[in-house]
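The chain contents come next:
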Amino acid sequence: MFGKVRAWSRRHEKLAGVLRVAPLATLCAILVVPYATVPPTATAVGPHLGVAGYVALSAALLWPLLWRDRAVASFAAIALISFGQWLAGVNPLPANLAVLVALWAVAYRCSFRWSLAAGLVTELGVFLALSRWDTPTLGMFFSASIFTVTVWLTGLYASTRRRYLEGLEERAERAERERDQQARMAAAAERARIARELHDVVAHNVSVMVVQADGAGYALDTDPEQAREAVRAISKTGRAALAEMRRLVGVLREDEQADTDYTPQPGLGQLEDLVRGSAVPARLQVGGAPVELPEGQQLAVYRIVQEALTNALKHGGPGVRALVEIDYSGPELVVRVTDDGRGAAAPRSADGHGLIGMRERVGMYGGAVSAEPLRGGGFEVLARLPMVKAA
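Below you will find a few notes about this structure. Since the model is a prediction, treat every value here as computed from it, not as a measurement.

As for the overall build of the chain
Point 1. When helices and strands are tallied, the chain shows 12 helices and 5 strands.
Point 2. In the chain, which comprises 391 residues, the proportion classed as buried is 31%.
Point 3. In the chain, of all internal contacts separated by at least 6 residues, the share reaching a separation of at least 24 is 67%.
Point 4. Accessible area of the chain: about 24600 Å², with a carbon and sulfur share of 61%.

A closer look at the packing of helix H4 (residues 50-62) against helix H5 (residues 71-88)
Point 1. Where H4 meets H5, the axes come as close as 8 Å, and the angle between the chain directions of the two elements is 150°. When the interaxial angle is binned, H4 and H5 end up roughly antiparallel. Residues Leu57, Ala60 and Leu61 of H4 touch H5, and the partners they reach there are Ile78, Ile81, Ser82 and Gln85.
Point 2. A class-by-class count of the residues in the contact of H4 with H5 yields 5 nonpolar, 2 polar and no charged.

Some points on H4
Point 1. Spanning 13 residues, H4 covers 18 Å between terminal C-alpha atoms, matching the ideal 18 Å at 1.5 Å per step.
Point 2. Listed in full, the buried residues belonging to H4 are Gly50, Tyr54, Leu57, Ser58, Leu61 and Leu62. The buried residues of H4 occupy an angular sector of 130° when the element is viewed end-on, so they sit on one face.

Examining the pairing of strand E3 (residues 332-339)
Point 1. Counting buried positions along E3 gives 6 out of 8 residues, so the element sits mostly inside the fold.
Point 2. As paired elements, strand E2 (residues 322-327) and E3 share 6 bridges and run antiparallel to each other. Its bridge partner being in E3, isoleucine 326 is matched across the sheet by valine 335.
Point 3. Hairpin connection from E2 to E3: 4 residues lie between these consecutive antiparallel strands.

Parameters at a glance
Residues numbered from 1 in each chain as written. Predicted model: local features only at pLDDT ≥ 70, side-chain atom pairs only at ≥ 80, totals over all residues. Heavy atoms only, no water. Helix = DSSP H or I, 4+ residues; strand = E, 2+ residues; numbered from the N terminus. Buried < 20%, exposed > 50% of the residue type's maximum accessible area, 1.4 Å probe, protein only. Contact = heavy atoms within 4.5 Å. Areas by Shrake-Rupley, 256 points an atom, 1.4 Å probe, with all protein chains shown as cover. Axes fitted to C-alpha atoms, helices over the stretch in contact; angles between N-to-C directions. Parallel < 35°, antiparallel > 145°, perpendicular 65-115°, else oblique. Nonpolar A, V, L, I, M, F, W, Y, C, P; charged D, E, K, R; others polar. Expected span 1.5 Å × (residues − 1). Arc of directions from axis to C-beta. Pairing = 2+ DSSP bridges.

In structure tokens form, the structure reads like this:
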């Protein structure tokens, strides 16, 4: 129940502050009638404020209690108003109990040094009040001090308990985060294990397909029926390998959706459409006789060009143009994307991972990639990939 009350007070801080002051304000409002009916001659010890003065002084003493996040300032304001009241010789009012409420708030919210200082100031106020409006005795001062110290200790206890509960909440949140992290790590390890197992299954199926294909090639002329059986086995094994490969991809993708798209990935055949549809004015230049490359290597080249054109758009500046060159003439496939943008003057991207992705794609085929500004302006992305003939 106390936890629910504390949570509600956090959500409605202003209303909770008003409700905390409401009991004392209600007491002051109830006692205004007896104060107004007392004849001035009965208060010869001090000046009679009247109803207006009573309400004004009470409001001045109660208002600082609403400063919930400024406990020290609230206590200081109430203490100063009470001290001014003592200097003016005004009799104590019910609203002067606001000093004790502010003392509790300082003990609850502030450090021990501030709470001790507030306690000593309150004790001094008790002594001054007794010396002005009554004949002080040790017993009277001791009784009033016990009440003050009780309020002070209650605030300290509440502060200690609050900090203890905050520590428990923090440890619980940290334990929950660690538990979630351990769960993610365990899931990642399990996915990696399953992926290794599926990789072995797929590799075995592909090996069977190669053996069956070789057998079908040898038996094609001498035993057509056996060749047909081998082709059927290749088809069956290929379907199984494809199904296992899809499961492998599903395991490795945490956010795999039910409507996964299995359409063919883009390759060199779509490179011209990519350059023509780019947001950067660009042209494609091909050197040498095109070679049929594996689909994975074609996809790597396509993504490199796509990332390079995206970088030219982001960092090249206004009016930038790009040139995409694909060279098949040498022992390596050379992919060069240059632009005439700002080059070295372009701002660095703090969260860019494009170059890392290009290096990973090229590294899969034993190639290398570099990205650097050109002299005189512009930027160049250069990738070299060994020519791997498609099987």
